[in-house]
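Structural overview for review
Below are the chains, spelled out letter by letter.
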Amino acid sequence: MRYSHAEYAPVFKALSDETRLKIVEMLSCGEMCACDILESFKITQPTLSYHMKILTDCGLVNGRREGAWMRYTINVKKVSAIKKFWDEITSEHRDCICNNVEEAGKCES
């Protein structure tokens, strides 16, 4: 196994929120100021900060301060790693976790 499930769990947890999914989609078009992101939602600035902290803490989004505002971008390297991880866990391979499950497919009805 070349990856850690624990490493990617926070990413999928971050993506389990509709607002954060929309923020990621918005950032796919390029860098955005927090003020512009905020205008797209009916949320307060502290609520946006909460969402952005979750997205930056899990590595999906990079943030940088510019004056009084933060500017955000997608972390392209992390997104690429997530895609690779997803492909790995959703396709059969030699190191597949299912090979470690005793008597796989032998459920009794």
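Residues numbered from 1 in each chain as written. Predicted model: local features only at pLDDT ≥ 70, side-chain atom pairs only at ≥ 80, totals over all residues. Heavy atoms only, no water.

**Looking at the side chain of His-51**
Rules: Each helix is a run of H or I in the DSSP string that is no shorter than four residues. Each strand is a run of E no shorter than two, and both are numbered from the N terminus. Contact criterion: two residues are considered in contact whenever any of their non-hydrogen atoms come within 4.5 Å of each other.
On the secondary structure map, His-51 appears in helix H4 (residues 45–57). Setting aside chain neighbours within four positions, we find His-51 in contact with Asp-17, Thr-19, Arg-20, Ile-23 and Ile-43.

**A closer look at the environment of Cys-33**
We count it as follows: For the exposure calls, accessible area comes from a 1.4 Å probe over protein chains only, and a residue counts as buried if that area is under 20% of its type's maximum, exposed if over 50%, partly exposed in between.
Within the secondary structure, Cys-33 sits in strand S1 (residues 32–33). On the basis of relative accessible area, Cys-33 is assigned to the buried category, the value being 6%. Between the alpha carbons of Cys-33 and Met-70 there is a distance of 5.9 Å; along the sequence they are 37 residues apart. If we ignore the near neighbours within four places in the chain, the residues touching Cys-33 are Trp-69, Met-70 and Arg-71.

What is shown is where atoms sit, not what they do.
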